[in-house]
Amino acid sequence: MSMVFRFRMLSDENDNFVRDYEVMYDTTLLDFHNFLIQALEYEPCMTSFFTADELWEKQREFTLMDMNEGGQDEGGQDETMSMESVTLGQIIHKHRDRLIYLFDMFGDRAYYLELTGVYEAEADATYPREIFARAEVPDQYDPSKNQTEEEEEGSIFNEMMGDFNDFEGDDAYDDEY
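My aim in this report is to walk through the structure given alongside it, one point at a time. (Residues numbered from 1 in each chain as written. Predicted model: local features only at pLDDT ≥ 70, side-chain atom pairs only at ≥ 80, totals over all residues. Heavy atoms only, no water.)

Before going further, it helps to spend a moment on unusual backbone geometry. Comment: phi is negative for the bulk of residues other than glycine, and the bulk of peptide bonds are trans. Residues Tyr127 and Pro128 are joined by a peptide bond in cis, for which omega reads -5°. Examined against the element boundaries, Pro128 turns out to sit in the loop between strand E7 (109-120) and strand E8 (129-134). You will see that Trp56, though not glycine, has its phi angle at about 65°, which is positive. Following the sequence through the fold, Trp56 ends up in the loop between strand E3 (48-52) and strand E4 (58-63). Overall, the relative accessible area of 26% leaves Trp56 in the partly exposed class. Within the chain, Asp108 stands out as a residue other than glycine whose phi angle is a positive 50°. Locating Asp108 in the fold gives a position in the loop between strand E6 (98-104) and E7. (Helix = DSSP H or I, 4+ residues; strand = E, 2+ residues; numbered from the N terminus. Buried < 20%, exposed > 50% of the residue type's maximum accessible area, 1.4 Å probe, protein only.)

Take a look at the structure:
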């Protein structure tokens, strides 16, 4: 009996963006990273996973390459660990556990993953897999490209300015006094 973690991924750059993924509990963070890069259609890049508390504050870091120089946190654990050496099952322990997937180190841009369920793996399914997707993926390099026309249509600014779209002027108006 193999267990599957279901994660919901959100972005603070696009309120409509949602992805749900199912991933085997024994998947390494490196394999999860490789899957996310492929699913998001991003180019390979330097990334980190962080465990996060209920306020989304970063806690322990897991890096693409082993960057541990012998430092330990207050609990005696290594400050950073390689994604390759850690499985999801080693760091996810209860419902609503959270991860931050930092995909832009310089821009401090990230996705937020929350465990929403644990299930028994389906015998004929392939994991990891995307099971739900809504809205376009934020651009990997340019956060200014992340507002879609649909979102602009729902903006309060465009709604307010829409009242003036039909204004054609008044022929009786004379601005020369």
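In this section: the environment of Ser82. Here Ser82 shows up in strand E5 (residues 80-82). As for Ser82 and Glu61, which are separated by 21 residues in sequence, their C-alpha atoms are 8.6 Å apart.

Shape descriptors only; they carry no functional weight alone.
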